[in-house]
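Chains, contacts and geometry: an overview
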Amino acid sequence: MTQLVQALVLGLLIGGVYALMASGLTLIFGVMNIINVAHGALLILVAFLTWKTWSVTGIDPILLAVVMTPLMFGVGWLLYKGVLSRISGSSPGMSVLLTFGIAITIEGILNVTAGNKFRSATPSYFSQSFRILGISLPKAQVYGCIAAVLVLGLLYVVLAKTWTGRAIRATAQNPSGAALIGIQASGVAALAFAIGTATTGVGGSVLSVLYPFFPASHYDWISRLLGIIVLGGMGSLAGALVGAIVLGLAETLTATYVSLQWSTLIFYAVIMIVLLFRPQGLFGSRLRQDVMA
Amino acid sequence: MTTLGRIRALTSGRSGRLVPLLLFVVLVGYPVVFPFAIYEQGVLLLAFLLALMAVSWNIVSGFAGYVSLGHSVFLGLGAYTGGLLAEHFQVNPLWFMPVGGLVAFVAATLVGMVVLRARGHAFVIITIALLLAMQVLVNNFSQVTHGSNGVNVPLPTWSSDYQNMPFYYMFLALLAATVGFAAWVRRTKFGTGLLAIREDEDKAAAIGVNTTRYKVLAYAASAVPIGVAGVVYAYFLSFLNPIGAFSLLTSVTIVLSALLGGRGTLWGPVLGGFVVTIVTEVANVYGGGTDSRLLVLGLALVLVVLFLPRGVLPAISARLARRRAAAQTVEYTDQAGVASARTPIVVSPRSAPAAQTPGRTAAPLLEIRGAARSFGGLRAVDGVDLTVEAGSITALIGPNGSGKTTLFNLVTGAMSLGSGEIWFDGTRIDQLPPWERAHLGLGRTFQITRLFKSMTVLENVVAPLPTAGWGLMAKDAVSGHEAERARELLDFVGLGRFGAQQAGSLSYGQQKLVELAQVLMLEPKMILLDEPAGGINPTLINRMVEIIRDLNRQGIAFLVVEHNIPLVLDLCDPVAVLSRGQVIAQGPPSIVRADPAVLEAYLGPEWLPADPVPGPVLKPADLSVKGG
Amino acid sequence: MARQHDSGNFARHARSVTPIRAIATGVAVLLAVGACGTAPSKTAAADNSKPLVVGISLPLTGDFSQPGGEARKGYEIWRDQVNADGGLLGRKIELKITDDASNQDTVVTDYTKLITQDKVDLLLGTFSTLLNFPASAVAEKNKMLYVEPAGGAPKMFDRGFTKLFFAQQATASHQPDVFVDYIKSLPESERPKTAAYPTQDDPFTTPVIESMQKQLEALGVKTVYTTTYPADATNFQTIASAIAAKKPDLIAQGAVFEDGVGLVRSLQQLNYTPKVLFQTSAPSNAGQYSDGIGKANTEGVFYTVSWNEKAKTPNNAEFVAEYAKRYNGGIPAEDAADAYAAAQVVQAAAKAVGKIDQDAMATWLHANKVETILGTLAWDQTGAPTSQFLLAQWQNGAPEVVAPKEAATVDKVVTKTPWQ
């Protein structure tokens, strides 16, 4: 029983972090109809920068999110303006190839500059836990989840309450309609891409503490995030949240009761099954456009 | 100019074919002349393998336009199949080459059937997920695969003096076979259909291309050569492990090779495969071996996508063509088209229903009962009842936004019906996919023509499939009966001499005629024409009318949406009037013209009866319906 | 007709000369490079004035770059020491090291090139089992002696190779023998009663843990938990909580490196300390391991290792000193020592045979023992070594060898302390 509750708690804590990472990816897809395969690589890039800063200065890695987030906003903006805007309107295949190329480039840069090693930031509280009724809540996980939920909340507020946010949502729902009321699609796309990338600032700093990482870890992460947003429905923020929690729980439960070996497969299985039976995911409607049958 | 002239001389005629043959002979002879250049043979055989994989990838991702990011999964499947079977039976793995191909075929077909019913991003996600999932699966099912311990494949039995020479020839032969296979696919109607899917998938479905079957088959066809090669690869490596066999990096090099050389071309992936292998090897030997390999591959991928999206070969060809074009006078195609004469032919629908059963009062050819379809709150088609008799030319008129094009889309299957029934020639068709409706003999043209612009006119016309038969897909599209038929149809609409031209370069009116010829390839019983006279010059309008009458005399029924009311009244009988998603009148032109309801419907300011300019500018309402 | 050539049609490409030319040029360049050679079976006559070239491909980049880089250091120190002593068979040694980027295709091309193109006199092995598998096959095909510093997976030696030798004390399945002997030596009451066996899915750790489980079960230690986790697993909380729930006396983990640290950290979070903790190779990465789990927490952790810097084996002190001199006082990694030992094996064989004769050297190695910095090595007919690993334990923040007796650096074994 304790083991089950422990697994559920861990699953929820992980799910919160997944939700943050996935919301950036789904936002970009919603607005630009691009699957940013480089999202995972950007996460690892931030994790590495956080780790480096932490190991040199000793500043708390999760707090470093305050620096990393605006930094990644800038990186996202530049990536959009410099690279992605050049292919707007081409086929999904080409856009995926492009972001895939970016992902590999980032992996290559990390390989060359940082070397192919596992790293992980280990602040003093790393191996400590809060203990409630025999359940351990690892402090790092709790802090990470809190940071994720805070930023996620902020993101929702921005999207719901500000003009910019409404413009982004409007564009995601109906690009031509948004254009009619004077929203500039390219400006919104740049903003959305920058905000989506900024979430990797928080996600990556949290990742640096919670998971050891090395340059090629990004494949692992992008598969998880894709599984989440496919399940939730591509482009849907609420879907990303629910998908993240469901898969966080599924992963932890599989690892506890079956084997860690099979828990990685959960994400691939979800992608396959969802695309087969409910291609629009739980909340979305955009991924699979069926030829009428 | 002399070089250009020489190239032109070479590109035409038989000498062009001599060059690849010559290269092949050189590659075949190389190990004979230099039997001990073992290292070079080793590099070359890896180039053959990569080129082979790129050529295969090109079938689904280049021809059909569905990018696979995990294509090395089939190399791994083939290798593991060969390796495990060889280990189990203790025989030479090469015996299992067909099995490797079969396993790849089955895997691709199964996965394809799951995702290729869909469009968009699903496929690309699945291909990469499949590759990564296979790594995990092969690792985890260690009873069968030995997991991370890997598989020991028996060592080659030949004398070590021969080294890799046998592998060199095996991969070379496989490469030649794969190029031959890809070339054959490209020549068939199947290949033409794949290009059509890449260009415009909805349109492809409308001309009878079973897009799901085509895509799945293309994916499977692109898997087979790699699966076969995987077995040889296993023998060559002599040891397999999950991470190495299902390598993402291999997939990247495949994609990069094909993109760099020229996606969608026959020789581009071959060129790319050689360039990528040789450059990587040179970088490895002379670059001092740094961690930069990934970085270089990633950057190369980004740069190629951004700046050379069509690849080296098409870029060079385009430049050559431009220079050539500059050196010659350009023929003004529109005038030529108007001037050229039509050749009357017998088009004869498969079973001209009206002609066959003259005595019987035949059931209507097309019958729409209570058809409805709404977009959000807007009821675009709101309970339409409409019949089209065999042998008639029925007009469908109505103000903009009255639901005419939506109704067409419902009939042809481009959109799904909300409620109601549609019957065609005794079959209920509203649940059938578009291509099956086309196979029943239902063809359509589009308000704004939707030709496959980068394909030739002839390819456009040869692409349609009148039946679902598998044999038809394998028919030659470049010569032979199908191409002959397409040429006849082009002659029939008077555009015979433009067969080799790119469809996008024709004038708008000519494109409408080509689209009509394309539909005729379906041997239709009925054709839906969406504004046949819209936006084309009077000479071509006359020709269009002449062609429609000609075809009608041969038993083909028409349902025509047209804004040119005089034309409608002259050509059509009966006329149906659509307003706000409902048929408000139907009957002979004279009666409809006098109907007060019709007059009322047309009193709106939008109606510009004499203006032949096509829709988009004047019809915002119609557009927004389509967008929804 | 002018625009006809603008089309993307097939016929044009089939006839176009341009692509063919481009390919032809590329191929011609390549063909021009390698236009000479002799049959591989005919080895060039020895020429004493020329240096003795030793060909090695190492994963200097990519996944295995860490051990690859260390191995390079070991090989280079060996070369310089042998050359300072007047060389091997009177010839200076020259290393020809290429990078295989941790890629199986490349390692095959590399060794093929070294043997057939560069015509090296001797080969030395590469690092990681995954690369040694295909590389040793190339050597075997070319009838070259192949002494590998890593690659002890048992399957390596099922292939009936005659030129393959593994330059460590034992294959993976015999690696835990020394630990099992230690458990056996304990009085019945002090032996662990229950054990958990988590292991990474890795050809080098799984056989160790499987073999240990089998041997300990035979001793009556009850298995309460086993699991295999993938190489890229990073989150060990679920495994740790499952283990903690079973409360085993012994945790024996097949840990490569990061997973060893990860599991210990998760056990710390759950505050579960086993009575005995054994991990395969993770604790041998001295500094990184104690940084990773905290120096105080290393106390009492067991592991097996092929080499120790304090061992009194021939040349070991010189090797350690030279390494420290070159790399800012660093202690050699085990991988560097293993590479050095592999080179010593080849050196011994060449010396004993008196000339570079691949067959004779292999035959000699099958029949004789070689003294290396790892201790005395000997091989069976498959090239698998027949000695025993060292059992090491962290004591007072430093690794010590506790068994076998003759190699021990301390004479007592400490008990595991609870996590700090």
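These numbers come from a predicted model, not from an experiment.

A word on the overall build of chain C. Broken down by element type, chain C carries 13 helices and 14 strands. Put simply, chain C has 420 residues, and 62% of those count as buried. As displayed, chain C has an accessible area near 15000 Å², and 51% of this comes from carbon and sulfur atoms.

Residues and elements named next belong to chain A. Taking 1.5 Å of rise per residue, 23 residues should cover 33 Å, and helix H4 (residues 92-114) covers 32 Å from first to last C-alpha, within 8% of that figure. With 19 of 23 residues buried, H4 lies mostly within the body of the structure. Just downstream of H4 lies Gly-115, where phi reads positive at about 85 degrees.

All names here are of chain B. Of all hydrophobic cores here, the largest spans 285 residues; its most connected members are Phe-48 and Phe-171. Excluding anything up to four places from it in sequence, Phe-171 contacts Leu-45, Phe-48, Leu-49, Ala-229, Val-232, Tyr-233 and Phe-236. In terms of nonpolar packing, the next biggest core, distinct from the first, is built from 49 residues, Ile-393, Ala-533, Ile-547 and Val-577 among them.

Turning our eyes to something else, we now look at the domain arrangement of chain C. Residue and element names in this part refer to chain C. According to the domain assignment, chain C consists of domain 1 (52-169 + 312-377) and domain 2 (174-309 + 390-407). One C-alpha centre belongs to domain 1, the other to domain 2; they are set 29 Å apart. Taken together, the contacts link 20 residues of domain 1 with eleven residues of domain 2. Carbon and sulfur atoms make up 59% of the area that domain 1 and domain 2 hide from each other, which totals about 1100 Å². The interface formed by domain 1 and domain 2 contains zero salt bridges. In this assembly, domain 1 and domain 2 are joined by five residue pairs in polar contact (both at pLDDT 80 or more). Contributing elements (two or more residues each) for the side of domain 1 that touches domain 2: helix H5 (129-141), helix H11 (316-326) and helix H12 (334-353).

So, how was this worked out
Residues numbered from 1 in each chain as written. Chains lettered and ligands numbered in written order. Predicted model: local features only at pLDDT ≥ 70, side-chain atom pairs only at ≥ 80, totals over all residues. Heavy atoms only, no water. Helix = DSSP H or I, 4+ residues; strand = E, 2+ residues; numbered from the N terminus. Buried < 20%, exposed > 50% of the residue type's maximum accessible area, 1.4 Å probe, protein only. Areas by Shrake-Rupley, 256 points an atom, 1.4 Å probe, with all protein chains shown as cover. Expected span 1.5 Å × (residues − 1). Core = buried A, V, L, I, M, F, W, Y, C linked by side-chain atoms within 4.5 Å. Contact = heavy atoms within 4.5 Å. Domains from an automatic or database assignment. Buried area = accessible area lost by both parts, 1.4 Å probe. Salt bridge = Lys/Arg side-chain N within 4 Å of Asp/Glu carboxyl O. Polar contact = N/O pair within 3.5 Å; in protein donor to acceptor, adjacent residues only side chain to side chain.

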